[in-house]
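# Coordinate analysis (summary)
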Amino acid sequence: MDMIVISDSKLKIMLTPGDMRRLDISCESIDYDNSDTRAALKSILDEARCQTGVDLSGKRICIQVYPSREGGCEMFVNVLPSAHGDRRKKEYSPSPTAKVCRSQGIYCFRGELSRLLRFCAALKSMGYPGRSSLYRDTRSSAVYLVLDESGGRYSFISEYGGERRDAPAAEYISEHCLPIRENDAVEVLSMLC
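Residues numbered from 1 in each chain as written. Predicted model: local features only at pLDDT ≥ 70, side-chain atom pairs only at ≥ 80, totals over all residues. Heavy atoms only, no water.

### Considering the overall build of the chain
A tally of regular secondary structure across the chain gives 6 helices and 10 strands. Counting only residues that meet the buried cut, the chain has 40% of its 193 residues in that class. Counting only contacts in the chain whose residues sit at least 6 apart along the sequence, the fraction spanning at least 24 positions is 69%. For the chain, the computed accessible surface area is about 10900 Å², with 48% contributed by carbon and sulfur atoms. (Helix = DSSP H or I, 4+ residues; strand = E, 2+ residues; numbered from the N terminus. Buried < 20%, exposed > 50% of the residue type's maximum accessible area, 1.4 Å probe, protein only. Contact = heavy atoms within 4.5 Å. Areas by Shrake-Rupley, 256 points an atom, 1.4 Å probe, with all protein chains shown as cover.)

Okay, structure coming up:
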């Protein structure tokens, strides 16, 4: 297990196939809703604290997971902003939250919102089964739709004016975008079309 400290709130963790076997996880089965995954992630973050001195305990974090060619994976761990200004959010967030994405399809939309809404309606009519989140770029008028999927399965998005982005866009989103709707964006936005 190798670790790179990007900043005091960001880590890159590289797991070998042996690490994955030892932790009894795979890129396909990683899901934060699963107690085995949570235990494995806790172990990884404890080891990160020991190796790097970066302590993420008690903080809201986002974990993005990308499979590597050799059979292991790369994890990007980012500390999410705290909700100090909103007392209700603080009250109802008793433990840190984490998002784990096995494989993300990241799509960028600019301009007319109606195109994004029509795309979400098309996904809904196809029976899209995964999680979906929508983020607003704070530096431009772009919005990003992030889907649980792999391999550019929804290549027809260009018909709706969207562009598929590569995995590094996830880092940009975590640094420069604000969440609009998390986990069920396709479901909610499809109703607005």
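### What to know about the packing of aromatic side chains
Within a pair of aromatic rings, the relevant descriptors are the distance that separates the centres and the angle that separates the planes. Enumeration over the complete set of coordinates arrives at 4 aromatic pairs. Put simply, the rings of Tyr107, Phe109, Phe119 and Tyr160 touch in pairs and so form one group of aromatic residues. (Phe/Tyr/Trp six-rings, centres within 6.5 Å; stacked < 30°, edge-to-face > 60°.)

### Examining the pairing of strand S2 (residues 10–15)
Taken across its 6 residues, S2 has 6 buried, putting it largely inside the fold. Side chains of S2 alternate between two faces, with Lys10, Lys12 and Met14 and Leu11, Ile13 and Leu15 buried alike. Here strand S1 (residues 2–7) pairs with S2 via 5 bridges, running antiparallel. Bridged to Val5 within S2 is Leu11. From the end of S1 to the start of S2, which pair antiparallel, there are 2 residues. Summarising the sheet, S2 and strand S4 (residues 73–79) pair through 6 bridges and their orientation is antiparallel. Across the sheet, Lys12 pairs through a bridge with Phe76, a residue of S4. (Pairing = 2+ DSSP bridges.)

### Here we look at the pattern of salt bridges
Inspection of every chain in the model, using the stated rule, returns 9 salt bridges. Lys124 is the salt-bridge partner of Glu187, the closest N and O atoms lying 3.2 Å from each other. In this pair, Glu187 is assigned in helix H6 (residues 185–190) and Lys124 in helix H4 (residues 113–125), connecting sequence segments 63 residues apart. Among the residues examined, Glu187 registers a relative accessible area of 40% and is labelled partly exposed. Owing to a relative accessible area of 40%, Lys124 belongs among the partly exposed residues under this scheme. Arg181 is the partner of Asp184 in a salt bridge, and the nearest nitrogen-oxygen pair spans 2.6 Å. Classification of Arg181 as partly exposed rests on a relative accessible area of 35%. One salt-bridge network, in which partners are shared between bridges, spans Asp19, Arg22 and Glu47. (Salt bridge = Lys/Arg side-chain N within 4 Å of Asp/Glu carboxyl O.)

### Considerations on the nonpolar core
Side chains of nonpolar character tend, in soluble globular proteins, to be buried together. Among the nonpolar cores identified, the biggest contains 23 residues, and Ile13, Leu15, Ile25, Ile44, Met75 and Val77 are the most heavily contacted of them. Sorting the residues of this core by element identifies S2, helix H1 (17–23), helix H2 (35–52), strand S3 (61–67) and S4 as the ones contributing at least two each. Of all the elements, H2 adds the most residues to this core, at 5 residues. Non-local contacts of Met75, meaning those with residues more than four positions away in its chain, are made with Leu11, Lys12, Ile13, Leu15, Ile30, Leu41, Ile44, Ile63, Gln64 and Val65. One finds Leu123, Tyr128, Leu147 and Val186 within the second-largest nonpolar core, a separate group that totals 18 residues. (Core = buried A, V, L, I, M, F, W, Y, C linked by side-chain atoms within 4.5 Å.)

Everything listed is a geometric property; what it means functionally is a separate question.
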